[in-house]
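Fold and geometry: a report
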Amino acid sequence: MGKVHVFNAGPCLLPQVVYDNSIEAIKDFKGTGVSVLSISHRTPGWDETMDECRALWRELLHIPDTHEVVFLGGGASLQFLYVAMNYLEKKAGYLETGVWAKKALKEAKGLGESQGAVAYALASSADRNYSYIPKGYEIPADLDYFHITTNNTIYGTEIKEDYDCPCPLIADMSSDIMSRPVDVSKYDLIYGGAQKNVGPAGVIFAIIKKDSLGRVSRYIPTMLDYRTHLDKLSMFNTPPVFSIFVMNETLKWIKSMGGVEAMHRIDNEKADLLYGEIDRNPLFVGTAAKEDRSIMNVCFVMAPGFENLQDEFMAFTKARNIIGIKGHRSVGGFRASLYNACTKEDVQALVDCMKEFEELKK
Ligand SMILES: *Cc1c(COP(=O)(O)O)cnc(C)c1O
């Protein structure tokens, strides 16, 4: 099979060097003669990998001393509950920008209801199928926290700046972490699943402002208490060893590429290339509001009058080894995910395909 261009929304494509080093470690972890799948997570060699991974997170995102990063299982979806468990005391606001934001809010609402606390949507873009980021709303200063989803993976919208927030700010950055520099000091918590942009499935990252914990009065079950994992540096129980290993390799690759600043430049170039073609090509139209377009997930549909060509275009791309561009069922059309490991050549292959299809239909 020729070169396959993968635009899957997640788990994401990873760089070839990450696959190669992971295969090597499955055979022999750091010359120990034991597979990384079978080492004890209490061996010194593993400590080094954990330390290196934490240090790379700190270096790449310029994480200040006030914050620490932990790695846990359970997916970003379990973090929705962690957030409420660790931060909801009386009242929390959510920015409802899509399915993931709604799921995050659901956990806080549910937990709040049983304890006399409330969680609600401060603003929503549901009125236009989440095709834009709400603006111009007021954030009350007395909230326990305000929760945002910086990149809306399904709808292709993105919050590309770090908000000034009068209350603690919490962000799900599952699908745009390490695609732009972030001012971590503005957040009490940043979390996400690794499998969109920094690794394989099976591990989440949580960047926690250390003095933001301990504000709630409820009992927090041991495993759901961020303090447990901060105290033990993500080694309270068996961590997802292999997923962390692969994430560490991915971070090493990001560093070798020039860090998050370089990724940001490259990711913008890739996104500009594809959005440029969508805007130029009369057969296609983008679905997200232009000012809120995500540089990670590019959503588009057939232009009005050409809807009947959708299946044909899908088959046309498939024949050219382009895979993973089917849009989420709630939006339809197409979605190309341009995560860090996707190259400009991959994007060019899709753009060429769109041009060819246009010629064919002239
Ligand atoms: C994929 C995704 C999630 C869910 O992640 P899981 O690890 O599958 O639970 C949450 N938030 C966003 C923004 C996502 O893209």
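As a further point, take the overall build of the chain. A count of helices and strands for the chain gives nine helices and 14 strands. What you see for the chain is a C-alpha radius of gyration of 21 Å, in line with the 21 Å of a compact globule of 362 residues. If you line up the chain on its principal axes, its C-alpha atoms span 65 × 55 × 30 Å. Per-residue burial for the chain yields a buried fraction of 56% across its 362 residues. The long-range fraction of contacts in the chain, counting pairs at least 24 apart against all pairs at least 6 apart in sequence, stands at 68%. Surface summary for the chain: the accessible area is close to 14,900 Å², and the carbon and sulfur share equals 54%. Both charge centroids of the chain, one from 40 positive and one from 47 negative side chains, sit 3 Å from each other.

A word on the packing of helix α1 (residues 16-27) against helix α6 (residues 241-256). Where α1 meets α6, the axes come as close as 9 Å, and the angle between the chain directions of the two elements is 140°. One element, α1, and the other, α6, form an angle in the oblique class. Considering the relative orientation of α1 and α6, their crossing is right-handed. For the pair α1 and α6, the contacting residues are Val17, Val18, Asn21, Ser22, Ala25 and Ile26 in the first and Phe242, Phe245, Val246, Glu249, Thr250 and Trp253 in the second. Considering only residue class, the contact of α1 with α6 consists of eight nonpolar, three polar and one charged.

Close to the ligand lie 13 residues, the nearest being Ser77, Thr153, Asp172, Gln195 and Lys196. Between the ligand and Asp172 there is a distance of 2.7 Å, counted from a nitrogen atom to a side-chain nitrogen or oxygen. A distance of 2.6 Å is found between an oxygen atom of the ligand and a side-chain nitrogen or oxygen belonging to Lys196. Expressed as a share of its isolated accessible area of 390 Å², the protein-covered part of the ligand is 87%. Per-element accounting of the shell around the ligand gives the leading share, four residues, to helix α3 (residues 75-87). The residue makeup of the shell around the ligand, split by class, is three nonpolar, eight polar and two charged.

Looking now at the pattern of salt bridges. Overall, the coordinates contain 24 salt bridges when judged by the stated rule. We note a salt bridge from Arg180 to Asp162, for which the minimum N-O separation is 3.2 Å. Taken together, the residues span a long stretch of sequence, with Arg180 in the loop between β8 (169-172) and β9 (189-193) and Asp162 in the loop between β7 (157-158) and β8 at a distance of 18 residues. Accessibility classification places Arg180 together with Asp162 in one group, the buried group. A salt bridge links Asp164 to Lys186, with the nearest nitrogen and oxygen atoms 2.9 Å apart. Of this pair, Asp164 sits in the loop between β7 and β8 while Lys186 sits in the loop between β8 and β9, and the two are 22 residues apart along the sequence. For Lys186, a relative accessible area of 30% translates into the label partly exposed.

What follows concerns the sheet that holds strand β11 (residues 284-286). Read across the sheet, three strands follow the order β11-β12-β14 without closing on themselves; strand pairing throughout is antiparallel. Of all strands in the sheet, those with a lone pairing partner are β11 and β14 (334-337), marking the two edges. Neighbour-to-neighbour, the strand axes of this sheet turn through a mean angle of 35°, independent of strand direction. Sheet topology note: the β11/strand β12 (residues 297-302) ladder contains three bridges and is antiparallel. Bridged to Gly286 within β12 is Phe300.

The next thing to look at is the domain arrangement of the chain. Segmenting the chain into domains produces domain 1 (16-256) and domain 2 (259-360). Contacts between domain 1 and domain 2 engage 27 residues on the former and 25 residues on the latter. When the buried area of domain 1 at its contact with domain 2 is split by residue, Ile154, Gly156 and Ser179 rank highest and sum to 22% of it. Taken together, domain 1 and domain 2 are joined by two salt bridges. Applying the counting rule to domain 1 against domain 2 returns 16 residue pairs in polar contact (both at pLDDT 80 or more).

The rules behind these values
- Residues numbered from 1 in each chain as written.
- Predicted model: local features only at pLDDT ≥ 70, side-chain atom pairs only at ≥ 80, totals over all residues.
- Heavy atoms only, no water.
- Helix = DSSP H or I, 4+ residues; strand = E, 2+ residues; numbered from the N terminus.
- Rg over C-alpha atoms; globule rule 2.2 N^0.38 Å.
- Buried < 20%, exposed > 50% of the residue type's maximum accessible area, 1.4 Å probe, protein only.
- Contact = heavy atoms within 4.5 Å.
- Areas by Shrake-Rupley, 256 points an atom, 1.4 Å probe, with all protein chains shown as cover.
- Lys, Arg positive; Asp, Glu negative; His and termini not counted.
- Charge placed at Lys NZ, Arg CZ, Asp CG, Glu CD.
- Axes fitted to C-alpha atoms, helices over the stretch in contact; angles between N-to-C directions.
- Parallel < 35°, antiparallel > 145°, perpendicular 65-115°, else oblique.
- Left-handed = near helix turned anticlockwise from the far one by under 90°.
- Nonpolar A, V, L, I, M, F, W, Y, C, P; charged D, E, K, R; others polar.
- Near = heavy atom within 4 Å.
- Polar contact = N/O pair within 3.5 Å; in protein donor to acceptor, adjacent residues only side chain to side chain.
- Salt bridge = Lys/Arg side-chain N within 4 Å of Asp/Glu carboxyl O.
- Pairing = 2+ DSSP bridges.
- Domains from an automatic or database assignment.
- Buried area = accessible area lost by both parts, 1.4 Å probe.

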